[in-house]
Amino acid sequence: MGFSWFLLLVTLSFQLINPTLSANGNSDLIQQTCKNTKYYDLCVSSLKSDSSSLKADSKLGLALIMILSVKNDTAVRKVMKECADKYAFANDALQNSVQDLSTELYDYAYMHVMAAADYPNACRNAFKRYPGLVYPQELAVREEALKHICDVVLGIIDALGF
């Protein structure tokens, strides 16, 4: 918390000391800066949605704005918490399937594996509830990998002939 206030004070004091540089900031700086990032569209849309970014005079200023916007964005925090919870539930379901398989309760194991494969959908849907939030490609890749692993396990359980 203290560090955030420090960053805010440094940014504000720099703008007060050198107001001409702040006034010259524009969307070209945003576009130039975002070209160096992995997610150009996310960078541009995030920075342009914050009016203070148009007054930024440096890449450092844009970085600070981006950090503060994410830190203060309750939608992002809610979605990330929900996703973490859903993946934790998927893990629990897979743990339950291990127990079910060890006691030859194949129908319950099947049900738990299906649930584990479906939990990431709730994460994807959480992003859809907040316009402007982009479902990260890394999560999409992990979601697909989990589904594929679960499909393999389901095929093996089917072969057990429950």
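Residues numbered from 1 in each chain as written. Predicted model: local features only at pLDDT ≥ 70, side-chain atom pairs only at ≥ 80, totals over all residues. Heavy atoms only, no water.

A.B. asks: Can you explain the nonpolar core? Please cite residues and give values.
C.D. replies: In this structure, Ala90, Ala93, Tyr106, Ala109, Val113, Ala116, Ala117, Leu146, Cys150, Leu154 and Ile157 together form the largest nonpolar core, which totals eleven residues. Residue assignment for this core shows that the elements contributing at least two residues are α6 (74-102), α7 (106-128) and α8 (137-159). Tallying contributions element by element places α7 first for this core, with five residues. Ignoring any residue separated from it by four or fewer positions in sequence, one finds Ala109 in contact with Ser97, Asp100, Leu101 and Ile157. (Core = buried A, V, L, I, M, F, W, Y, C linked by side-chain atoms within 4.5 Å. Buried < 20%, exposed > 50% of the residue type's maximum accessible area, 1.4 Å probe, protein only. Helix = DSSP H or I, 4+ residues; strand = E, 2+ residues; numbered from the N terminus. Contact = heavy atoms within 4.5 Å.)

A.B. asks: Which residues make up the side chain of His112, and what values go with them?
C.D. replies: Turning to its location among the elements, His112 is positioned in helix α7. When residues no more than four places from it in sequence are discounted, the contact partners of His112 are Ala93, Asn96, Ser97 and Asp100.

A.B. asks: For the side chain of Thr33, give the residues involved together with the corresponding values.
C.D. replies: When you line up the elements, Thr33 lands in helix α3 (residues 27-34). Sequence-distant contacts of Thr33, that is, excluding residues within four places in its chain, are made with Lys59 and Leu62.

A.B. asks: Describe the packing of aromatic side chains, and please don't skip the residues or the numbers.
C.D. replies: One pass over the full model with this rule turns up two aromatic pairs. Where Phe89 meets Tyr119, the ring centres are 5.7 Å apart and the plane angle is 50°; that geometry is what we call tilted. With Phe89 in helix α6 and Tyr119 in helix α7, the pair connects residues that are 30 residues apart, well separated along the chain. Assessed through its relative accessible area of 38%, Phe89 is described here as partly exposed. Overall, the relative accessible area of 28% leaves Tyr119 in the partly exposed class. (Phe/Tyr/Trp six-rings, centres within 6.5 Å; stacked < 30°, edge-to-face > 60°.)

A.B. asks: Tell me about the pattern of salt bridges, and name the residues and values.
C.D. replies: Between side chains of opposite charge, pairing is possible as soon as their charged atoms come close. Within this structure, the stated rule accounts for five salt bridges. Where Asp85 meets Lys81, a salt bridge forms, and the shortest distance between an N and an O atom there is 3.0 Å. Of this pair, Asp85 and Lys81 both sit in helix α6, four residues apart, which is roughly one turn of that helix. Classification of Asp85 as partly exposed rests on a relative accessible area of 29%. By relative accessible area, which is 51% here, Lys81 ends up exposed. Glu143 serves as the salt-bridge partner of Arg124, at 3.1 Å between the closest nitrogen and oxygen. Of this pair, Arg124 sits in helix α7 while Glu143 sits in helix α8, and the two are 19 residues apart along the sequence. Among the ionic contacts, a cluster of salt bridges with common partners joins Arg124, Glu143 and Lys147. (Salt bridge = Lys/Arg side-chain N within 4 Å of Asp/Glu carboxyl O.)

A.B. asks: Kindly report on the confidence of the model for the protein, identifying the contributing residues and their values.
C.D. replies: Here the protein averages 81 in pLDDT, and 81% of its residues register 70 or above. The low-confidence segment residues 1-25, where pLDDT is below 50, has 13 contacts with residues more than four positions distant or belonging to other chains. (pLDDT = per-residue confidence, 0-100.)

A.B. asks: So what's going on with helix α4 (residues 40-48)? Which residues, and what values?
C.D. replies: Those residues of α4 lying buried are Cys43, Val44 and Leu47. Projected down its long axis, α4 shows its buried positions confined to an angular sector of 95°, all on one face. (Arc of directions from axis to C-beta.)

A.B. asks: I'd like to hear about the state of the cysteines, residue by residue, with values.
C.D. replies: All told, the structure shown has two disulfides when counted by the stated rule. Covalent S-S linkage joins Cys34 and Cys43, the inter-sulfur distance amounting to 2.0 Å. Because the sign of the S-S torsion sets the handedness, a value of about -70° for the bond joining Cys34 and Cys43 places this disulfide among the left-handed ones. The burial state of Cys34 is the same as that of Cys43; both residues are buried. There is a disulfide in this structure between Cys83 and Cys123, and the S-S distance comes to 1.9 Å. Between Cys83 and Cys123 the sulfur-sulfur dihedral comes to about 90°; the bridge is accordingly right-handed. Here Cys83, found in helix α6, pairs with Cys123, found in helix α7; they are 40 residues apart in sequence, far enough to count as distant. Residue Cys123 is classed as buried on the basis of its relative accessible area of 0%. If the cysteines joined by disulfides in the protein are listed in sequence order, their pairing comes out as 1-2, 3-4. (Disulfide = S-S within 2.5 Å.)

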